[in-house]
Amino acid sequence: MTAILEVDDLTVDFSRTTAVRGVSLRVEAGERVGIVGESGSGKSVTAQAVMRLLPPTATVGGRIRFAGQDVLGFDPARLAAWRGADIAMVFQDPMSSLNPLLRVGTQLTEGLRRHRGLGKAAARAEAVRLLRTVGIDDAERRLDDYPHAFSGGMRQRVCIAIAAACTPKLIIADEPTTALDVTVQAQVLDLLDELTERHDTATVLVSHDLGVISSFCDRIMVMYAGQVVEAGPTDDIVAAPAHPYTRALLDSIPRLDGDLPRRLPTVPGSPPFGNVPTGSCAFADRCPHAQDRCRTEAPTMAPVGPNTTAACHFPLTEGART
Amino acid sequence: MTRFLLRRIPQAVIVLFGVVTLAFVLTHVVPGDPARLIAGPNASVDTVASIHHQLGLDRSIGYQYWRYLVGLFHGDLGTSYALQDTPVASAILRALPISAALAVLGVLWEALLGIPVGILAAYRPGKLADRVTTLATLVGLSAPPFWVGLLLLYVLAFKFNLFPLSGYAAPYINYLILPSFTLGLGGAAWYARLTRTNMLEALRSPYVQMARAKGMPERVVLLRHCLRNVLSPLLTMLGMDLGYFLGGVVVIESVFGLPGAGKLTFDAIGTLDVPMITGAVLFAAFFIVVMNLLVDLAYALVDPRVRR
């Protein structure tokens, strides 16, 4: 398999805080990778760093390679030609990620015309086809509507159509379902699933919802305080999480089977923001299994199973995992 | 559209009626006797009384108000006290083109100076261009227009003879550049700040991130995706400014000796020329009301969300 995206030791610094501290990530062609973590874990910043969408106040370190090319070295023209054509992004809030003053058709065709060199009429025909693909009825007429005439779920479908327009090799979906109703969430995920399946598009799905991630992704990367704490195939991690944080995330997913607990278990405390102390495990203060070593030495990623790695001094054993 | 107008036009008429009433009452409660001003300090009591009678000032204020409204209904704004035998309407219509030229040029200065400067400042916040803009707009906002006007007159007209000092004659544009610039300067500073704020907000917005993620070059992001969202709120204010300026800008027309509606109002107040004051105020209010209406219509054209 060939790697579409290789991220090596990515760091992102803002003037006062460090958002991402040494994240590595590899996405193969057609693969679905999930990045999961709480707010402030650096997952969205990682996604934006890959797209080179961070504001100029951010300092990005490490290496990002896309199909072997050095993304951090792209000049503005190369960047514009790359975004939209080879890589695309779906954002969290479909209410604000479409321009309120431009017709949906304009927003859909501008990428087609620029990247695929289509003429006005051809781009419009293609836009109609795309809108139909994402399940919007009466596509021909809806192209002339403005975003406010669409519901939230419909807008996210439009956004997905825009992202998929030029059949990119990789789509980064940053919390694409978070702003949507639960009933619509599944539809949007199915749509993403279908489109990426058809063109063998790789997907990076960023979410705080391990349930969403595990239903969609082949591989999972759990982030905490700007670092990856556990990574591996979805099935392995869901069946037997090694990191206490992953365990806690899994426990906090509501389940419909078995006895209903009165309250969902939560992770006490909140993740450190910005100044993460070095020389200790970032999760130590909230970890039920923390020991002295966790507070004096930062764990590094190490194999904990045949396919999984975790950054923990005391990974949960089979016995403790059940 | 029609429903909108049907709702708004009666509102406008009510506002104008209120303005007429207020202007009429205020000019009559102000101390001072127009008849005495006309007759001069040495006039006899009889002369003053006869002037009173001529002007209809010996009747009750209610009756005078009624007569004024009836005249207004027939398109008659009355006759000036100070400018003998000059109908108020024709005096105002004569002054109006000058004020209109000044107003249009003033708004142009506001937009053409303010908006590009704001965009430039927002594009690299905290950098040199932004800091210079912040300082310049602070000065522009704080400097009183009459002082700026006098300064410009002194330097550019008196010292360097680049512009005429005062008045209004052919080629008219020469007489309009300095006053309109002075008029637009404060507004330009204000618009630069507003544009900067709106632009910063637009640049941070998800739809701009989305446009970038789509691979739109910066030029397209700025011009197609940002600028519309930045300009639509400014459109409202520019329209209101135009309406406000059209009624005559008293201070600037007085400083530059332009015989526009503002100067007319100023002189009329000096001579307690009641019909002229009321007429000028009515015209000023009329422009503000009309521009308000047009701005709302234009807003619906720019922003599809307002359209119904």
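Residues numbered from 1 in each chain as written. Chains lettered and ligands numbered in written order. Predicted model: local features only at pLDDT ≥ 70, side-chain atom pairs only at ≥ 80, totals over all residues. Heavy atoms only, no water.

Enquirer: Explain the domain arrangement of chain B here, please?
Expert: A common way to report how large an interface is uses the accessible area buried once the components associate. Residues and elements named next belong to chain B. Per the domain assignment, the segments making up chain B are domain 1 (2-73) and domain 2 (93-302). When each unit is reduced to the centre of its C-alpha atoms, the spacing between domain 1 and domain 2 is 33 Å. The interface of domain 1 with domain 2 comprises 21 residues on the first partner and 17 residues on the second. Buried area between domain 1 and domain 2, summed over both chains or domains, comes out near 1,500 Å², and the portion from carbon and sulfur atoms is 84%. Three residues, Arg8, Leu16 and Thr27, lead the burial of domain 1 against domain 2; their summed loss comes to 31% of the area buried on that side. Taken together, domain 1 and domain 2 are joined by 1 salt bridge. Between Arg8 and Asp296 there is a salt bridge whose closest N-O contact spans 2.5 Å. Counting residues per element, the ones that place at least two in the side of domain 1 that touches domain 2 are helix 1 (2-29), helix 2 (34-39) and helix 4 (61-73). (Domains from an automatic or database assignment. Contact = heavy atoms within 4.5 Å. Buried area = accessible area lost by both parts, 1.4 Å probe. Salt bridge = Lys/Arg side-chain N within 4 Å of Asp/Glu carboxyl O. Helix = DSSP H or I, 4+ residues; strand = E, 2+ residues; numbered from the N terminus.)

Enquirer: How should the UniProt feature "domain: ABC transporter" (unreviewed entry) in chain A be read in this particular structure?
Expert: The feature "domain: ABC transporter" (unreviewed entry), as given by UniProt, occupies residues 5-250 of chain A in the numbering adopted here. Along residues 5-250 of chain A, the helical share is 39% and the strand share 26%, with 27 Å between the first and last C-alpha atoms. (UniProt positions renumbered as here; feature names shortened; annotations may be inferred.)

Enquirer: So what exactly am I meant to see when it comes to the UniProt feature "domain: ABC transmembrane type-1" (unreviewed entry) in chain B here?
Expert: Mapped onto this numbering, the UniProt entry gives "domain: ABC transmembrane type-1" (unreviewed entry) at residues 96-299 of chain B. Helix and strand shares over residues 96-299 of chain B are 84% and 0% respectively, and the end C-alpha atoms of the span are 27 Å apart.

Enquirer: Just to check I follow, could you spell out the sheet that holds strand 4 (residues 59-66) of chain A for this structure?
Expert: In any sheet, the strands associate via hydrogen bonds between backbone groups, in a parallel or an antiparallel arrangement. Residue and element names in this part refer to chain A. Judged by pairing direction, the sheet is antiparallel, and its 4 strands sit side by side in the order 2-1-4-5 without closing on themselves. The sheet is open, and its two edges are formed by strand 2 (18-28) and strand 5 (69-70), each paired on a single side. In this structure, strand 4 lies alongside strand 5, joined through 2 bridges in antiparallel fashion. Residue Phe66 lies in a different strand from strand 5, and its bridge partner there is Gln69. Seen against the sheet, helix 1 (residues 43-50) touches strand 1 (3-13), strand 2 and strand 4 and runs at an angle of roughly 120° to strand 1. (Pairing = 2+ DSSP bridges. Axes fitted to C-alpha atoms, helices over the stretch in contact; angles between N-to-C directions.)

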